[in-house]
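# Structural overview
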Amino acid sequence: MPRYLRYLAANECRDWVASDAQLRSATLDGIGQSLVVVVDYADESYVPATLPALRGRDRRRLRARRLEREFPGALLTTLVTVRARAADGTVDAVMIAVGGGASLGEMLTELGARHALRAVYTPALLAALWVRLAGLRERRVLIVMPTPAGVRLVFVDGGQAALSRLTAPLAGGTTASEIARTVQYLQNMQRIERGVPLELWFWGVADQEAAEHVPGGDQTRLGRAPCVNGLPDPQRGGFAALLELAARRPSGPQLAPDTLRAGWLARRLQRAARWAAAAIVLLGGCAAAWLGWQASVATEAALALAAERQAYERESRDFEASLARQGLTPLEWQLLPEAAAQLQQGAVDLADAFAAAADGFGAVPDLQIAALEVRAGDPLADVDAGAAGAMTTEPAASPADASARLEADCLTQPFSAAAMQIDFGLAAGLGVRRRDAALRFVREAASRLGPWQGGPALRRLGSAESLVVAAGVDAAGDAAGAASQWSVCLRRTGAA
Amino acid sequence: MMAGLDIALTAPQRAIVQRAAWLLGAALLLGGALVALAAWQHTRAVAARDAELLAVQQARATAEALRALRTTPGAREARVLALRRAGFTTPARRVEWAEGVTAALTRLRPLGYALEVGAERGQSLPPAVQAWFDARGVAPPPLRVTELTLSVQGLHEQELLDVLAAAHAAGAGLVRLEQCKIERRSDGIGLDASCRLRRFALRLLDDTASEALP
């Protein structure tokens, strides 16, 4: 989009357009053109001020308030910071305003409504912009530059326009005296030191002619603006170079309030919105692409898993089919043998119990088994706690008491191992020696009962009891009967 | 932004701002829609993968379990078929069971006898079998138990063993002796015995467990 430039002076209005590499005259027509305005009026005001160093919204508010107080009702104002004083937390600033009358305000308002008015500059602001872009911010220089309105004297300090005066066109003696007056004013205002010559740059004036306008004395000295790559050369091009700079690289302080720049701000908003939209779509697209890639990876993994699953299922189906041909179901195949084995755990074989009883108790005629009771282990019991510890073999005070106690200990607890209780006694009328031999046989046989095991008490059977020898019919009968009945508990070890 | 600056916009400027807002809104919608669509597809794909992973783990476990059981196929088939033929998966035939035991007793002629076959009832599975179903998330089949109590007087040891063997055979399933008390008779004529037997059956055919297996 072409950038237009309008130069406005008290009695002059010219338009240019920046296209390709040059600035050429053009007519500003249509609407919505990007536009920079340069106003070159005599009544520019420059008021130095010292402000507290603030930032952000407070800084903006302070500046707006100071400008409004200094130039009430002025349309074109700005405030530039010349330098900061870190020691006392203040800044040296210059408040700038351009009058131009009501007609200038109306003209700019109309331009702002029709076009994208980007900035309003003065020649002094453009000269300071050039100095800043050239990297000469520390130079103090008085620029003498002919413009269509006259000769502009611009004092640039700290890269900012600190003073600007519009004088009559170049004329022998007149321009030099104006320069001398300006330098005198700056010295009086203590903006420059006395005795230090102020550098003069004549822009757009031949060197020979410039030398003629240098005031006498040692208050000034003639200098030259350096030639900077990438910037127009105002030393040779004069004001036209600054116009080109304004058209091509408008930046820095300018005079137009945001109300005049609404068109340009709207366009900037539109451009920002385009970039933001592009960024959003791009980011969204990237995120969607990444998610899509992740989804495709997941899908591929799912397909691979599905193939693996189908292979397993095919294997299972084939096996199930082979089972079905034999009239079996997979559940039966997987479960029945193990379930049956689980349910058979703790089972007891009565023949096995008879054999153990015969080996341990029936082999000696002096021993007589009165009763035998077996109980299978409970296949539903999960814990076999204390199975061995509960084995009990005790001489009974009476068979009934022993039976009651052993019933509780041996056969009623829900152990997973099978248990067997044997009630036995000794034949009547045995002597001490035969009686001891019979009990010793039982003790020794306790270790030969195969899967059936008795506890430690069984292995001490008879040895922990008193040896009683009685004479007389009543005494002997009672003693023998009381000491001749036992109940022993055996538990089956290992799987049934 | 313009409203915040309190700037009066002309109609073309307002149109520019509106177009910018529309553009930004459309971009947000488009970007959001793209991301949402992709996220939805991603979520679905990940869910499908996770489900497939779970399914393949189950299928692998089933296949490996079957494969492990197939290491000795002949013996296992024979064992399974024997259990089925024995009636481990069928309901108890209480009449046949009682008749079988009675026939044996009649043949042996004890001094007296009494037997009772109880009603079939449910029973919890052994812990290890229950754990097998729990691990697969499958409802276990009911374990049915039928109890036979027998009281017989005046038999010798071998005769008693024969009666119990007949009870095992007539039970037609997994029958085990739970408890048996044998006492020597005071008159010296054989033994008196009180025994309790239980028959177990896994009712696989009339439940949904087999259907639920993968």
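Just so we're clear, the structure is a prediction, and the values are computed from it rather than from any experiment.

## Observations regarding the overall build of chain A
- Within chain A, the regular secondary structure consists of 14 helices and 18 strands.
- Among the 496 residues that make up chain A, the fraction classed as buried is 49%.
- Counting contacts in chain A only where the partners sit at least 6 residues apart, residues at least 24 apart contribute 70% of the total.

## Some details on the interface of chain B and chain A
- Counting residues at the interface gives 85 residues for chain B, matched by 76 residues for chain A.
- Applying the counting rule to chain B against chain A returns 4 salt bridges.
- Across the pair R309(A) and E52(B) runs a salt bridge whose closest N-O atoms are separated by 2.2 Å.
- In this assembly, chain B and chain A are joined by 16 residue pairs in polar contact (both at pLDDT 80 or more).

## Quick look at the sheet that holds strand β4 (residues 34-40) of chain A
All names here are of chain A.
- Pairing is mixed across the open sheet formed by 5 strands, whose spatial order is β3-β2-β1-β4-β8. The strands lining the two open edges of the sheet, one partner per strand, are β3 (22-25) and β8 (116-121). Each strand of the sheet is rotated relative to its neighbour by a mean of 25 degrees, with strand direction disregarded.
- Here strand β2 (residues 12-19) pairs with β3 via 4 bridges, running antiparallel. Among the inter-strand pairings, A18 is bridged to a residue of β3, identified as L23.
- Together, β4 and β8 form the strand contacts of helix α8 (residues 262-325), whose direction differs from that of β8 by roughly 125 degrees.

## Regarding the packing of helix α3 (residues 123-133) of chain A against helix α7 (residues 239-248) of chain A
Residue and element names in this part refer to chain A.
- At a closest axis distance of 10 Å, the pairing of α3 and α7 adopts a crossing angle of 75 degrees. When the interaxial angle is binned, α3 and α7 end up roughly perpendicular. Here α3 contributes P123, L126, A127, L129, W130 and L133 to the contact with α7, which in turn contributes F239, L242, L245 and A246.
- Residues that form the contact of α3 with α7 fall into these classes: 10 nonpolar, no polar and no charged.

## Quick word on unusual backbone geometry
- Phi angles above zero are rare outside glycine, and Q190(A) is one such case at about 60 degrees.
- With respect to the helices and strands, Q190(A) occurs in the loop between α4 (174-188) and β12 (198-202).
- Take Q190(A): its relative accessible area is 70%, and that puts it in the exposed class.
- We note that R109(B) has phi near 55 degrees; this positive angle belongs to a residue other than glycine.
- Relative to the assigned elements, R109(B) resides in the loop between α3 (94-108) and β1 (112-117).

## Observations regarding the confidence of the model for chain A
Residues and elements named next belong to chain A.
- In this model, chain A carries an average pLDDT of 84, and 88% of its residues clear a pLDDT of 70 or more.
- Of all secondary-structure elements in chain A, the lowest mean pLDDT belongs to strand β15 (residues 393-395), at 43, while α3 reaches the highest, 96.
- Segment residues 383-408: pLDDT under 50, and 46 contacts once partners within four positions in sequence are set aside and those in other chains are kept.
- Per-residue pLDDT stays below 50 along residues 475-482; that stretch engages in 7 contacts with residues further than four places along the chain or on separate chains.

## Comments concerning the side chain of Q187(A)
Residue and element names in this part refer to chain A.
- Note on placement: Q187 falls in helix α4.
- Residue classification places Q187 among the buried residues on the basis of a relative accessible area of 5%.
- A polar side-chain atom of Q187 sits 3.3 Å from a polar atom in the side chain of R194.

## Quick notes on the packing of helix α9 (residues 330-344) of chain A against helix α4 (residues 127-136) of chain B
- Contact pair α9(A) / α4(B): the axes reach a minimum separation of 9 Å and the direction vectors enclose 150 degrees. With respect to their mutual orientation, α9(A) and α4(B) come out roughly antiparallel. From α9(A), L331(A), Q334(A), L335(A), A339(A) and Q342(A) reach across to α4(B), where they touch A128(B), V129(B), W132(B), F133(B) and R136(B).
- The residue inventory of the contact of α9(A) with α4(B), partitioned by class, reads 7 nonpolar, 2 polar and 1 charged.

## So, empty space enclosed by the protein
Residues and elements named next belong to chain A.
- In total, this model carries 1 cavity of 30 Å³ or more according to the counting rule given.
- Looking at the largest cavity, its volume works out to about 30 Å³.
- R3, Y4, S34, L35, V36, R118, A247 and P250 are the residues that line the largest cavity.
- Mapped by element, the contributors of at least two residues to the lining of the largest cavity are β1 (3-9) and β4.
- Counting residues per element, the lining of the largest cavity draws most heavily on β4, which supplies 3 residues.

## Focus on the pattern of salt bridges
- This structure, assessed with the given rule, holds 31 salt bridges over all chains.
- We note a salt bridge from D187(B) to R185(B), for which the minimum N-O separation is 2.9 Å.
- Judged by its relative accessible area of 41%, D187(B) is partly exposed.
- One salt-bridge network, in which partners are shared between bridges, spans R83(A), R140(A), D157(A) and E193(A).

## Considering the state of the cysteines
Residues and elements named next belong to chain B.
- Under the counting rule described, the total for this entry stands at 1 disulfide over all chains.
- Disulfide pairing places C180 opposite C195 at an S-S distance of 1.8 Å. Taken together, the residues span a long stretch of sequence, with C180 in strand β4 (residues 174-184) and C195 in strand β5 (residues 191-202) at a distance of 15 residues. Each member of the pair, C180 together with C195, is buried.

## Details of the packing of aromatic side chains
- For the structure on display, the rule yields 6 aromatic pairs over all chains.
- Taking the centre distance of 6.1 Å and the plane angle of 25 degrees together, the rings of W201(A) and W203(A) count as stacked.
- For W203(A), a relative accessible area of 0% translates into the label buried.
- Considering the side-chain rings of W132(B) and F133(B), the 4.9 Å spacing of their centres and the 80 degrees angle between planes classify their relative orientation as edge-to-face. Comparing W132(B) with F133(B), the two get one shared label, buried.
- Put simply, the rings of W130(A), W201(A) and W203(A) pair up and form one aromatic cluster.
- When the ring centre of W333(A) is taken as reference, the NZ or CZ atom of R76(B) above it lies at 5.6 Å.

## A short note on the sheet that holds strand β6 (residues 76-85) of chain A
All names here are of chain A.
- Sheet architecture is open: 3 strands sit in the order β5-β7-β6, paired in antiparallel fashion. Looking along the sheet, the strands with just one partner apiece sit at the ends: β5 (44-52) and β6. With strand direction ignored, the average angle separating the axes of adjacent strands in the sheet is 20 degrees.
- Note that β5 and strand β7 (residues 90-98) share 9 bridges and pair antiparallel. From the neighbouring strand, Y46 faces β7, where its bridge partner is I96.

## Re the pairing of β5(B)
Residue and element names in this part refer to chain B.
- Most of β5 is tucked away: 9 of the 12 residues are buried.
- As paired elements, strand β3 (residues 143-155) and β5 share 12 bridges and run antiparallel to each other. Residue S151 lies in a different strand from β5, and its bridge partner there is S194.
- One ladder, built from 10 bridges, connects β4 with β5; its direction is antiparallel. By the bridge assignment for β5, V175 is matched with R199.

Conventions adopted
- Residues numbered from 1 in each chain as written.
- Chains lettered and ligands numbered in written order.
- Predicted model: local features only at pLDDT ≥ 70, side-chain atom pairs only at ≥ 80, totals over all residues.
- Heavy atoms only, no water.
- Helix = DSSP H or I, 4+ residues; strand = E, 2+ residues; numbered from the N terminus.
- Buried < 20%, exposed > 50% of the residue type's maximum accessible area, 1.4 Å probe, protein only.
- Contact = heavy atoms within 4.5 Å.
- Salt bridge = Lys/Arg side-chain N within 4 Å of Asp/Glu carboxyl O.
- Polar contact = N/O pair within 3.5 Å; in protein donor to acceptor, adjacent residues only side chain to side chain.
- Pairing = 2+ DSSP bridges.
- Axes fitted to C-alpha atoms, helices over the stretch in contact; angles between N-to-C directions.
- Parallel < 35°, antiparallel > 145°, perpendicular 65-115°, else oblique.
- Nonpolar A, V, L, I, M, F, W, Y, C, P; charged D, E, K, R; others polar.
- pLDDT = per-residue confidence, 0-100.
- 1 Å grid on protein atoms, 1.4 Å probe; cavity = no way out; pocket = protein on both sides within 12 Å on 5 of 7 lines; lining within 4 Å.
- Points joined across faces, edges and corners; volume = space filled by probe spheres on them.
- Disulfide = S-S within 2.5 Å.
- Phe/Tyr/Trp six-rings, centres within 6.5 Å; stacked < 30°, edge-to-face > 60°.
- Lys NZ or Arg CZ within 6 Å of the ring centre and 35° of its normal.

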